[in-house]
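# Summary of the model geometry
What follows is the residue order along each chain.
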Amino acid sequence: MARDLDQTVFVAGHRGMVGSAIVRKLQSLGYGRVITATRDELNLLDQKAVQAFFAAQRIDQVYLAAAKVGGIHANNTFPAEFIYENLMIEANIIHSAHQVGVQKLLFLGSSCIYPKHAEQPMREEALLTGVLEPTNEPYAIAKIAGIKLCESYNRQYGCDYRSVMPTNLYGPNDNYHPENSHVIPALLRRFHEATQRGDEEVVIWGSGKPMREFLHVDDMAAASVHVMELDNPGYQANTQPMLSHINVGTGVDCTIRELAEAIAKVTSFAGRLTFDSSKPDGTPRKLMDVSRLNALGWKAGIPLEVGLQNAYAWFVEHQSKARS
């Protein structure tokens, strides 16, 4: 697909970590008509409001990054909200886009769509081959439904709606809440505060042996635009009508111990790292197979330590702003 910088692009979920990165990427490429809507301006759970929004705008492309997200505790506590809200958001946007003739849409999912015991690295073909992780099953089911919504509108109406499934993301606009954040923002904050206090030790949950893959959100945004802009023959040659989603990751993982050591370096923490093996480790390994994405001409470009430095700088800057 030739890049048309005059097209109107709607980014749903522009205030989130991924949506904001996509907006930055599009603007850096010269897209002059990137439109967004805050929650007060557009309630994505309201079908009539979403339909009216699409009818009023002349939208050419949609990046569907809006979602209700949270960690294990939130997913366990509010499973009904997680499945209902995510189903409604994606159904309202995808159907409204189709109704007004939007041909190009990119749906952003999650690596949690794959079975709990999927073979590593996880290939796209693993979808729907086993039982999901119980703690986030409602969220995962909603994301799987989003993939199938896109595929169904493609098959029935000839739309060009695509799906990308990112690995663990981090970077600017991440959630640094002390209790509800994911591992990188949680550790960045913990090590930063330990450094500020002059602590001699940071305790990390688990043995440090589990392996995880991490992708900087700016790489995720670049991959999303790349997949959106692929010409149709190239995209279809590497996907299937009912197995069309594409994994997005680095294809490289590290142990939690290695991650903690890298974060200690980035935050200038000089004390010792202690791993509390009485706490759960979770899944031993979660790695994405990104051979399909590589075949489509894209590879991650931000090394983990560079990405961590960027994320830490953003955290320090915004923490100081919040206090001032």
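Heads up: these notes are all about the structure in this document. Numbering of residues begins from 1 in every chain and follows the order in which that chain's sequence is written. Thresholds applied to this predicted model are a pLDDT of at least 70 for local features of residues and 80 or more for the giving and counting of side-chain atom pairs; totals over whole chains, interfaces and linings are not thresholded and use all residues. Hydrogens are left out, water is left out, and the side-chain values use all remaining heavy atoms of the structure.

Before going further, it helps to examine the sheet that holds strand 11 (residues 254-255). Remark on secondary structure: sheet strands pair via backbone hydrogen bonds, oriented parallel or antiparallel. Pairs of strands are assigned from DSSP output, requiring at least two bridges between the strands. Secondary structure elements follow DSSP: runs of H or I no shorter than four residues count as helices, runs of E no shorter than two count as strands, and numbering proceeds from the N terminus. A sheet is described by the order of its strands in space; here three strands give the open sequence 11-8-13, paired in mixed fashion. On the outer flanks of this sheet lie strand 11 and strand 13 (285-286), each paired with one strand and no other. Here strand 8 (residues 211-212) runs beside strand 13; their pairing, made up of two bridges, is parallel. Counted as the bridge partner of Arg212 is Lys286 from strand 13.

Turning our eyes to something else, we now look at the pairing of strand 7 (residues 201-205). Here's how the labels work: a residue is buried when its accessible area is under 20% of the maximum for its type, exposed when over 50%, partly exposed in between, all with a 1.4 Å probe on protein chains only. Burial along strand 7 is one-sided: Val202 and Ile204 are buried, and none of Glu201, Val203 and Trp205, which face the opposite way, are. In this sheet, strand 12 (residues 272-276) lies alongside strand 7 in parallel orientation, the contact comprising five bridges. Looking at strand 12, one finds that Trp205 is bridged to Asp276.

Turning to the environment of Pro210, a few remarks are in order. Here Pro210 lies in the loop between strand 7 and strand 8. In the structure, Pro210 is positioned 64 residues away from Gly146 in sequence and 29 Å away in space, judged by C-alpha atoms. If we ignore the near neighbours within four places in the chain, the residues touching Pro210 are Cys254, Thr255, Ile256, Asp281, Thr283 and Pro284. Should any heavy atoms of two residues lie within 4.5 Å, those residues are considered in contact.

The next thing to look at is helix 1 (residues 17-29). Here the expected span of a helix is defined as 1.5 Å times the quantity of residues minus one. Compared with the 18 Å implied by 1.5 Å per residue over 13 residues, the 19 Å span of helix 1 between its first and last C-alpha is a close match. Taken residue by residue, helix 1 has Met17, Val18, Gly19, Ser20, Ala21, Ile22, Val23 and Leu26 as its buried positions. Considering only its buried residues, helix 1 is in contact with strand 1 (8-12), strand 2 (33-35), strand 3 (61-64), strand 4 (104-108), strand 6 (168-170) and helix 7 (217-229). Directly after helix 1, the chain includes Gly30, whose backbone phi takes a positive value near 105 degrees.

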